[in-house]
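Summary of the model geometry
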Amino acid sequence: MTKTIAENVKTLLAELPSGVELVAAVKTRTPNEILAAIEAGVQAVGENYVQEAAAAIAAVGRNVRWHFIGHLQSNKIKKAVEIFDLIETVDSVELAAEIDKRAAALGKVMPVLVEINSGHEPQKAGILPGEAESLVREIAPFKNIRVEGLMTMGPFEGNPEDARPYFRETKRVFEDLKALSIAGIEMHRLSMGMTNSFRVAVEEGATMVRIGTLIFGPRL
Ligand SMILES: *Cc1c(COP(=O)(O)O)cnc(C)c1O
C-alpha cells in the first residue's frame, strides 16, 4: 500500500511539467498514507475539513504546505486561518472580510485563491466568472488577506474533455484579472484539475492540480 502511494506520487511528479505543482488531496486518508505521499516528494497537501486537517497536521507535521480546499463554514474560519498556508475557496466578500479580520489578529497575511464556479451551476460553490473582477476589487484593499490566483472544480466525473471548456473559461478570467494589474492582487496560481481531469487542466494552463484518487486509490 505504502509503496503504491510512493510510486503513484513519483509517476505523477515525473509527468507534471515544471511550473505545475502537485497538491495531494487527502480527505479520508490516514496520517500514514499522507506521510507516504510526503516522503515520495509531495510538497503541498489539500484538506476539505478544518478539524481533520488539524488532526493530520498534529500527526504529520508542517514540512509540507497545507491548503484548504473545502467549503469554509464561518465558525471554522479562525482555526483555518491559524493552520493553513493557502485557502483555495474564497467566494464572497463576507468570507474574505472575516479571513482578513482573523489574520490581522494573528499578525499574518493569509494567501487565498478565489473559487470560480466555472460550470455556472447554481448549487455549486464559487462565484460566477463574470463576478470575479468585482469580488477581487473588493478584497484588494484588505491588508491581511492576499489573493494569489484562482481555483475551480469543474465537473467531477465523466469524460475529461467535458471539463475543458470550464478550465478554459477559468484561465481566461485569470488572464483578464492579471492584465488588470490590480494593486494588492497577485495572479500567479491557477488551481484546477483532479484525478480524472488533470491532464486537460494542465493543457489549459493549471499551475496546481489537486489529486487524491490517483495517489491513494479509491475513497472507501
Ligand atoms: C477530493 C477533491 C479533489 C481530488 O479528487 P480526486 O478525484 O480524488 O483526485 C480535488 N479537489 C477537491 C476540492 C476535492 O474535494
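Heads up: the structure comes first, above all this text.
Below: a short report on this structure. Quantities reported herein were computed from a predicted structural model and do not represent experimental measurements.

1. Points about the site of the ligand
All residues adjacent to the ligand are Ala25, Lys27, Asn48, Ile69, Met153, Met194, Thr195, Arg210, Ile211, Gly212, Thr213 and Arg219. In this structure, a nitrogen atom belonging to the ligand sits 2.9 Å away from a side-chain N or O atom of Arg210. The fraction of the free accessible surface of the ligand (390 Å²) that becomes covered by protein chains is 91%. One can see that the ligand is located within the largest pocket. When grouped by side-chain class, the residues that make up the shell around the ligand number 5 nonpolar, 4 polar and 3 charged.

2. A few points about helix H7 (residues 164–180)
Taking 1.5 Å of rise per residue, 17 residues should cover 24 Å, and H7 covers 25 Å from first to last C-alpha, within 8% of that figure. For H7, the secondary structure elements touched by its buried residues are strand S5 (110–116), helix H6 (132–139), strand S6 (145–152), strand S7 (189–191) and helix H8 (198–203). Positive backbone phi, approximately 45 degrees, marks Ser181, located one or two places after H7.

3. Brief notes about the packing of helix H2 (residues 31–39) against helix H3 (residues 50–60)
Viewed as axis vectors pointing N to C, H2 and H3 meet at an angle of 60 degrees, and their least axial separation amounts to 10 Å. Between H2 and H3, the interaxial angle falls into the category oblique. Every pair of crossing elements has a handedness; the one defined by H2 and H3 is right-handed. Here H2 contributes Pro31, Ile34, Leu35 and Ile38 to the contact with H3, which in turn contributes Ala56, Ala59 and Val60. When the residues that make up the contact of H2 with H3 are grouped by side-chain class, the tally is 7 nonpolar, no polar and no charged.

4. Digging into the pairing of strand S4 (residues 86–90)
A regular strand places its side chains on the two faces of the sheet in alternate fashion. Counting buried positions over the 5 residues of S4 gives 5, a clear majority of the element. In this sheet, S4 lies alongside strand S3 (residues 65–68) in parallel orientation, the contact comprising 2 bridges. Following the sheet pairing, His67 is matched in S4 by Leu86. In this view, the connection linking S3 to its parallel neighbour S4 by way of helix H4 (residues 77–83) has right-handed handedness.

5. Quick look at the nonpolar core
Burial of nonpolar side chains together is a common tendency in soluble globular proteins. Counting residues in hydrophobic clusters, the biggest one holds 69 residues, and the most contacted among them are Phe84, Ile87, Ile99 and Ile215. Those residues within four positions of Ile215 in sequence are excluded, and the remaining contacts are Ile5, Asn8, Val9, Leu12, Leu22, Ala24 and Ala37. Residues Val23, Leu86, Leu113 and Met208 belong to the second largest nonpolar core, which totals 6 residues.

Thresholds applied
What you see as residue numbers is a count from 1 along each chain, following the sequence as written. Where totals are concerned, whole chains, interfaces and linings use all residues; where local detail is concerned, this predicted model gives features only for residues with pLDDT of at least 70, and gives and counts side-chain atom pairs only at 80 or more. Hydrogens are left out, water is left out, and the side-chain values use all remaining heavy atoms of the structure. For each residue, the test is whether any non-hydrogen atom lies within 4 Å of the molecule or strand; if one does, the residue is near. Throughout this description, a polar contact denotes any pair of N or O atoms lying within 3.5 Å of each other; where both atoms belong to protein, one of them has to be capable of donating a hydrogen while the other can accept it, and for residues adjacent in sequence the pair is counted only when both atoms sit in side chains. Using a 1.4 Å probe, the Shrake-Rupley method yields the accessible areas, and only the shown protein chains count as cover for residues. Points on a 1 Å grid over protein atoms alone make up a cavity when a 1.4 Å probe fits among them but cannot get out, and a pocket when they form an open set with protein on both sides within 12 Å along at least five of seven lines; lining residues each have an atom within 4 Å of a point. For a cavity or pocket, the test is whether more than half of a molecule's atoms lie within 2 Å of its grid points; if they do, the molecule sits there. Think of it as three bins: nonpolar holds Ala, Val, Leu, Ile, Met, Phe, Trp, Tyr, Cys and Pro, charged holds Asp, Glu, Lys and Arg, and polar takes everything else, Gly as well. Helix and strand assignments follow DSSP, with helices taken as H or I runs no shorter than four residues and strands as E runs no shorter than two, numbered in order from the N terminus. Here a helix's expected span is defined as the number of its residues, less one, multiplied by 1.5 Å. Only heavy atoms matter for contacts: two residues are in contact if any of them lie within 4.5 Å across the pair. For helices, the fitted axis covers only the stretch in contact; all axes are lines through C-alpha atoms, and the angles between them, taken along N-to-C directions, range from 0 to 180 degrees. Relative orientations are named as follows: roughly parallel for angles under 35 degrees, roughly antiparallel for angles over 145 degrees, roughly perpendicular for angles from 65 to 115 degrees, and oblique for any other angle. Handedness of a crossing is defined here by the sense of rotation of the near helix relative to the far one, left-handed for an anticlockwise turn of less than a right angle and right-handed for a clockwise turn. Buried, partly exposed and exposed residues are distinguished by accessible area as a fraction of the type maximum, computed with a 1.4 Å probe on protein chains only: under 20%, between the cut-offs, and over 50%, respectively. Pairing between two strands is assigned when DSSP locates at least 2 bridges connecting them. A crossover counts as right-handed when, viewed with the strands pointing away from the observer, the path leading from the first strand over the helix to the second turns clockwise. The criterion is simple. A nonpolar core is a set of buried Ala, Val, Leu, Ile, Met, Phe, Trp, Tyr and Cys residues joined through side-chain atoms within 4.5 Å.

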